[in-house]
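# Report on the structure
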Amino acid sequence: MDTSAVKGYLNDLHDRITAAAEGIDGGIFRRDPWTRPEGGGGESRVLSEGTVFERAGVSFSHVFGDKMPPSASSLRPEIAGAPFEAMGLSLVFHPRNPHAPTTHCNVRFLVASPSSGPAQWWFGGGFDLTPYYPYDEDVLHWHRTARDACQPFGSGTYQRYKEWCDRYFFLPHRNETRGVGGLFFDDLNQGGFERSFAFTRSVGDHFLPAYMPILERRKNQAYGERERGFQLYRRGRYVEFNLVYDRGTLFGLQSRGRTESILMSMPPLARWDYDWHPEPGSAEARLYEDFLRPRAYLDELGHRGTPQWSSS
């Protein structure tokens, strides 16, 4: 187990994603280093009111604590109350254009050191896409790239973590998925440290190739008040999920992390309309009917070419 290698990778990914976002937007992230009184710290980078992003946040954290938070130990009673070390990168991009989807990515590593028995470690993370006006070619490209990230690690890996993502990013009180999914994994230590770390790197490295072609296609698409209003309404679902169900948000708050950094994932503007329903046959209705449920996108959307994107 090499925690310094994990930290070095996360710091590099932090820089790469920041540079890509600044490159497409033209704005500069505010860099905000912070320390945690209980141990550790990190750096939050936030871009607000840019030309492409209404808000973009990319945060690295590396924290220590004397007692594992309940959100992390609920499924592992043997480490409840154990000292811990956690590091990770988390990002959320909220584009201004309603045709460009919101996206989230997280990769993380945790170590717990119970008083009896050996230290326990695991990786977690993934990425997911939340469109407001979904386009088949965008969703297909997203899931193809997610599959590519999983391909070297076994034929069933993409399907397993795709289905886990569908289950995780689900709002039971709305009976709908948050978006069109992607990948989600947690408690990963099977196969040993090197293999688990390699898979985590593959997920992190495939985020930009998955998202940037979609953003390039949609960032300048024409829209009006109707599309903007629907975007703000659907952002409300994002807020509901993050505050009620998201384990990362709960872990951060329970571990007394930096509140501004934890909540930077929230959209800058959102709205809630009472008992709203989309007009039958509308583009908004198609989102509800065709996309806010688990689907086998790679099978159902067919085989189409998608543009390539490179960070070079």
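Residue positions are given per chain, counting from 1 as you read along its sequence in written order. For a predicted model such as this one, the threshold for reporting local features is a pLDDT of at least 70, and the threshold for listing and counting side-chain atom pairs is 80 or more; totals across whole chains, interfaces and linings nevertheless cover every residue. The side-chain values count all of the structure's non-hydrogen atoms but skip hydrogen atoms and water molecules.

### Section: the layout of surface pockets
Short version of the rule: Lining residues are those with an atom within 4 Å of a point, where the points come from a 1 Å grid over the protein atoms alone and group into cavities, where a 1.4 Å probe fits but cannot get out, or pockets, open sets with protein on both sides within 12 Å along at least five of seven lines. Grid points are joined across faces, edges and corners, and a volume is the space filled by probe spheres set on the points. Going along the chain from the N terminus, every DSSP run of H or I of four or more residues is numbered as a helix, and every run of E of two or more is numbered as a strand.
In this structure, the largest pocket encloses a volume near 210 Å³. If you go around the largest pocket, the residues you meet are R30, D32, S44, V46, S48, R55, R258, E260, S261, L263 and M264. Where the lining of the largest pocket is concerned, the elements lending two or more residues are strand 1 (30-35), strand 2 (40-48) and helix 8 (259-262). Residue contributions to the lining of the largest pocket peak at three residues, all from strand 2.

### Examining the nonpolar core
Note the threshold: Residues belong to a common nonpolar core when they are buried Ala, Val, Leu, Ile, Met, Phe, Trp, Tyr or Cys residues joined through side-chain atoms within 4.5 Å. Exposure is judged per residue with a 1.4 Å probe applied to protein chains only, and the accessible area is read against the type maximum: over 50% gives exposed, under 20% gives buried, and values in between give partly exposed. For this analysis, residues touch if any pair of their heavy atoms sits within 4.5 Å.
Of all hydrophobic cores here, the largest spans 64 residues; its most connected members are I17, F53, F93, F123, L183 and F207. Per-element accounting of this core gives the leading share, twelve residues, to helix 5 (residues 193-218). Excluding residues within four positions of it along the chain, F123 makes contact with V6, R108, F109, F185, D186, D187, L188, F193, S196, F197 and T200. Judged by nonpolar contacts, the second largest core, of eleven residues, contains V63, M68, I79 and L110.

### As for the pairing of strand 1
Quick reminder of the rule: Two strands are counted as paired when DSSP detects at least two bridges linking them.
For strand 1 and strand 2, the ladder comprises six bridges, and the chain directions are antiparallel. Counted as the bridge partner of R30 is V46 from strand 2.

### Re the state of the cysteines
Using the following cut-off: Any two cysteine sulfur atoms within 2.5 Å of one another count as a disulfide.
Considering all chains together, one arrives at zero disulfides under this definition. Sulfur of C105: no disulfide; nearest cysteine sulfur belongs to C165 and is 11 Å away.

### Description of unusual backbone geometry
Positive phi values are uncommon outside glycine, yet N175 reaches one of about 55°. Position of N175 relative to the elements: it lies in the loop between strand 7 (170-171) and strand 8 (176-177). Take N175: its relative accessible area is 61%, and that puts it in the exposed class. Here the phi dihedral of D275 falls at roughly 50°; this positive angle occurs in a residue that is not glycine. Mapped onto the secondary structure, D275 falls in the loop between helix 8 and helix 9 (283-290).

### Overview of the packing of aromatic side chains
Going by this rule: In this analysis, rings of Phe, Tyr and Trp, with Trp reduced to its six-membered ring, are considered paired at centre separations within 6.5 Å, and the interplanar angle assigns stacked below 30 degrees, edge-to-face beyond 60, and tilted for intermediate values. When the NZ atom of lysine or the CZ atom of arginine is within 6 Å of a ring's centre and also within 35 degrees of its normal, the charge is said to sit over that ring.
Tallied over the entire structure, the rule returns 33 aromatic pairs. Centroid distance Y168 to F241: 5.7 Å. Interplanar angle 75°. Geometry classified as edge-to-face. Of this pair, Y168 sits in helix 4 (residues 157-168) while F241 sits in helix 6 (residues 225-244); the two residues are 73 residues apart in sequence, bridging distant segments of the chain. By relative accessible area, Y168 is classed as buried at 15%. Sitting over the ring of Y135, R218 keeps its end group 3.7 Å from the ring centre.

### Comments concerning the sheet that holds strand 6 (residues 120-130)
Just so we agree on the cut-off: For helices, the axis comes from a line fit to the C-alpha atoms of the stretch in contact; other axes are also lines fit to C-alpha atoms, and the angle between any two N-to-C directions lies between 0 and 180 degrees.
Here seven strands make up an open sheet; going across it, the order is 1-2-3-4-5-6-9 and the pairing antiparallel. Strands with a single pairing partner mark the edges of an open sheet, and in this sheet they are strand 1 and strand 9 (181-188). Each neighbouring strand pair of the sheet contributes to a mean axis angle of 5°, computed without reference to strand direction. This element, helix 3 (residues 136-150), spans strand 5 (102-112), strand 6 and strand 9 of the sheet and lies at about 30° to strand 9. Of the strands in this sheet, strand 6 and strand 9 are in contact with helix 4, which crosses strand 9 at around 100°.

### Description of the pairing of strand 6
Counted residue by residue, strand 6 has ten buried out of eleven residues, so it is predominantly covered. With eleven bridges joining them, strand 5 and strand 6 adopt antiparallel strand pairing. Counted as the bridge partner of V107 is G125 from strand 6. Sheet analysis places strand 6 next to strand 9, joined by six bridges and oriented antiparallel. When the sheet's bridge partners are listed, G126 is paired in strand 9 with F184.

### Examining the environment of R201
Assignment of secondary structure puts R201 in helix 5. Note on R201: relative accessible area 28%, which makes it partly exposed. Separated by 39 residues in sequence, R201 and E240 have C-alpha atoms that sit 29 Å apart.

Remember, this is a structural readout, not a statement about activity or role.
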